[in-house]
Structure formats: C-alpha cells, structure tokens
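Residue strings, one per chain:
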Amino acid sequence: MKKINNLEASGIVGGTCYTNCVNSYMTLTIGADTSCKLVTTCTDKRGNLRQTFRDTNAMNCRIS
C-alpha cells in the first residue's frame with residue numbers, strides 16, 4: 001500500500017483544501033482615501049471560492 005500525504009488525501013477523501021490560487025491587484029477607494037490591495041483568489045475541488053485581501057505597495061495599482 002502506498003503512503004500519501006495530507007494534500008493528496010484531501011483530494012481523494014473529500015477534504016476542502018484550496019488550490020488553484022491566482023493573485024491580482026485591486027484599487028479600493030473609500031471617500032477620499034485610495035489604497036492598493038493584493039487579492040488572492042483560490043478555489044477548492046468543489047469550485048468554492050475564497051478571497052483574501054492584503055495591503056500592498058501603491059505602485060502595484062499605479063496609484064500616484
């Protein structure tokens with residue numbers, strides 16, 4: 001019998017490990033304040049999405 005790790009097992013047994021992650025940048029403006037966010041979008045094996053937002057350098061969004 002072959003031993004497998006947790007990541008491999010989650011793909012077989014029914015885990016909901018998020019994979020297929022894509023990073024993008026988003027400009028967020030609230031009132032007079034503008035900020036740049038790094039948006040990471042991941043999907044699990046059932047197609048469910050998860051997004052995380054982090055502050056990043058304004059140059060990534062071309063904010064002057």
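Residues numbered from 1 in each chain as written. Predicted model: local features only at pLDDT ≥ 70, side-chain atom pairs only at ≥ 80, totals over all residues. Heavy atoms only, no water.

With an unreviewed UniProt entry as reference, the protein is termed DUF4762 family protein, source organism Tenebrionicola larvae.

> Would you explain the side chain of Lys37 in this entry?
Note that Lys37 resides in strand S2 (residues 33-43). Relative accessible area serves as the criterion here: at 17%, Lys37 is assigned to the buried category. At 2.3 Å, the side chain of Lys37 forms a polar contact with the side chain of Asp55. (Helix = DSSP H or I, 4+ residues; strand = E, 2+ residues; numbered from the N terminus. Buried < 20%, exposed > 50% of the residue type's maximum accessible area, 1.4 Å probe, protein only. Polar contact = N/O pair within 3.5 Å; in protein donor to acceptor, adjacent residues only side chain to side chain.)

> Where do I start with the sheet that holds S2 in this structure?
In a beta sheet, neighbouring strands are held together by backbone hydrogen bonds and run either parallel or antiparallel to one another. Sheet architecture is open: three strands sit in the order S1-S2-S3, paired in antiparallel fashion. Taken across any chain shown, the strands that pair with only one partner, and hence form the sheet edges, are strand S1 (19-30) and strand S3 (49-55). Between one strand axis and the next, the sheet turns by 25° as a mean value, whatever way the strands run. Inspection of the sheet shows S2 paired to S3 by seven bridges, in the antiparallel sense. Looking across to S3, one finds that Lys37 is bridged to Asp55. (Pairing = 2+ DSSP bridges. Axes fitted to C-alpha atoms, helices over the stretch in contact; angles between N-to-C directions.)

> How should the pattern of salt bridges be read in this particular structure?
Pairs may arise between side chains of opposite charge once their charged atoms sit close together. Under the criterion given, the structure shown has one salt bridge. Notably, a salt bridge pairs Lys37 with Asp55, separated by 2.3 Å at the nearest N-O pair. Placement of Lys37 in strand S2 and of Asp55 in strand S3 is noted, with a sequence separation of 18 residues between them. (Salt bridge = Lys/Arg side-chain N within 4 Å of Asp/Glu carboxyl O.)

> Looking at this model, I keep getting lost on a nonpolar patch on the surface. Mind explaining?
Taken together, the side chains of Met26, Leu28, Ile30 and Phe53 define a hydrophobic patch exposed on the protein surface, amounting to about 350 Å² of accessible area. With three residues, S1 is the single largest residue contributor to the nonpolar patch. Residue position: Leu28 is located in strand S1. (Patch = residues over 30% accessible without salt bridge, like charges linked within 9 Å, V, L, I, M, F, W, Y side chains within 5 Å. Areas by Shrake-Rupley, 256 points an atom, 1.4 Å probe, with all protein chains shown as cover.)

> Which parts of the structure should I look at to understand the state of the cysteines?
Disulfides are covalent bonds that link the sulfur atoms of two cysteine residues. A complete count under the given rule lists two disulfides for this structure. Disulfide partner of Cys21: Cys42, at an S-S distance of 2.0 Å. Disulfide Cys21-Cys42: torsion about the S-S bond near 110°, hence right-handed. Of this pair, Cys21 sits in strand S1 while Cys42 sits in strand S2, placing them 21 residues apart in sequence. The class for Cys21 is partly exposed, based on a relative accessible area of 47%. You can call Cys42 buried: its relative accessible area is 4%. (Disulfide = S-S within 2.5 Å.)

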